[in-house]
Amino acid sequence: MPRLLKVQPHKSIEELEKLYRQSQDPIERTRCQILWLVAKGHKVEEVAEVTGYRGVSIYRIVRRYNQLGIDGLKDRRHQHQGPETLLSEIDQAFLWQALQEPPIDGGLWNGPKVAKWMSEDLERPIHPL
């Protein structure tokens, strides 16, 4: 028998519904919907069917909300800028210039040729994808 999920009263059921309906971010909106439905007493299986999320994810979302409150619902992927680029802005400008001319061996530029150019420019091996 599934464990009963309990939502901490950081926000009322009405406030959770309002957050769900007003959220502009689709991920945060679904997370608010999950909390709202669980707070209303819906079973995890019902919430999973409505939202398309798996039970494990629903438990994780509720646990994070219970620990962190409304901040636990934020989609932090938007804040992650990703890894630093391999080429500086100056190196990117040089690459752009190189791409304006045919490659040394003729033909067309492709991934392996760009990787070779980058390897020579950066003086370290760059694996062509």
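Presented here is an overview of the structure given in this document. Counting starts from 1 at the beginning of each chain's written sequence and moves along it residue by residue. Totals for whole chains, interfaces and linings use every residue, but because this is a predicted model, local features are given only for residues with pLDDT of at least 70 and side-chain atom pairs only at 80 or more, for both listing and counting. The basis for every side-chain value is the complete set of non-hydrogen atoms in the structure, without hydrogens or water.

## With respect to the pattern of salt bridges
Now for step 1: Within this document, salt bridges are pairs made up of a side-chain nitrogen of Lys or Arg and a carboxyl oxygen of Asp or Glu, the two lying within 4 Å of each other. Across all of its chains, the model carries 2 salt bridges by this definition.
Now for step 2: Glu17 is the salt-bridge partner of Arg21, the closest N and O atoms lying 3.2 Å from each other. Of the two residues, Arg21 and Glu17 both sit in helix 1 (residues 13-22), 4 residues apart, roughly one turn of that helix.
Now for step 3: When accessible area is computed with a 1.4 Å probe and restricted to protein chains, residues below 20% of their type maximum are described as buried, those above 50% as exposed, and intermediate ones as partly exposed. Relative accessible area serves as the criterion here: at 27%, Glu17 is assigned to the partly exposed category.
Now for step 4: Here Lys113 ties to Asp105 by a salt bridge, and the two come within 3.3 Å at their closest N and O atoms. Strands here mean DSSP runs of E at least two residues long; helices mean DSSP runs of H or I at least four residues long; both are numbered from the N terminus.

## Some details on the nonpolar core
Now for step 1: Counting 18 residues, the largest nonpolar core has Leu35, Val38 and Ile58 as the members making the most contacts within it.
Now for step 2: Elements supplying a minimum of two residues to this core: helix 1, helix 2 (26-39), helix 3 (44-51) and helix 4 (55-68).
Now for step 3: Counting residues per element, this core draws most heavily on helix 2, which supplies 6 residues.
Now for step 4: We call two residues in contact whenever any of their non-hydrogen atoms come within 4.5 Å of each other. Among residues more than four places away in sequence, those in contact with Leu35 are Val7, Leu16, Val62, Tyr65 and Leu73.
Now for step 5: Working definition of a nonpolar core: buried Ala, Val, Leu, Ile, Met, Phe, Trp, Tyr and Cys residues. They are joined through side-chain atoms within 4.5 Å. Core analysis: the next-biggest nonpolar cluster, separate from the first, contains 9 residues, Ala98, Val114, Ala115 and Met118 among them.

## Details of the environment of Arg64
Now for step 1: Along the chain, the position of Arg64 falls in helix 4.
Now for step 2: Sequence separation between Arg64 and His127 is 63 residues; the distance between their C-alpha atoms is 39 Å.
Now for step 3: Each residue touching Arg64, except ones within four places of it in the same chain, is listed here: Arg31, Gly69 and Gly72.

## Topic: the packing of helix 5 (residues 89-99) against helix 6 (residues 111-122)
Packed helix pairs are characterised by how far apart their axes lie and by the angle those axes make with each other.
Now for step 1: Interaxial angle, 0 to 180 degrees, is taken between N-to-C directions of lines fitted to C-alpha atoms, where a helix line uses only the stretch in contact. Running from N to C, helix 5 and helix 6 cross one another at 135 degrees; their axes reach a closest spacing of 11 Å. Relative to helix 6, helix 5 is oriented oblique. Helix 6 is crossed by helix 5, and the crossing has right-handed handedness. Taken together, the residues of helix 6 that come into contact with helix 5 (itself represented by Asp91, Phe94, Leu95, Ala98 and Leu99) are Val114, Trp117, Asp121 and Leu122. Throughout, the term roughly parallel applies to angles under 35 degrees, roughly antiparallel to angles over 145, roughly perpendicular to angles from 65 to 115, and oblique to all others. Take the far helix as your reference; a near helix turned counterclockwise from it by less than a right angle gives a left-handed crossing, and one turned clockwise gives a right-handed crossing.

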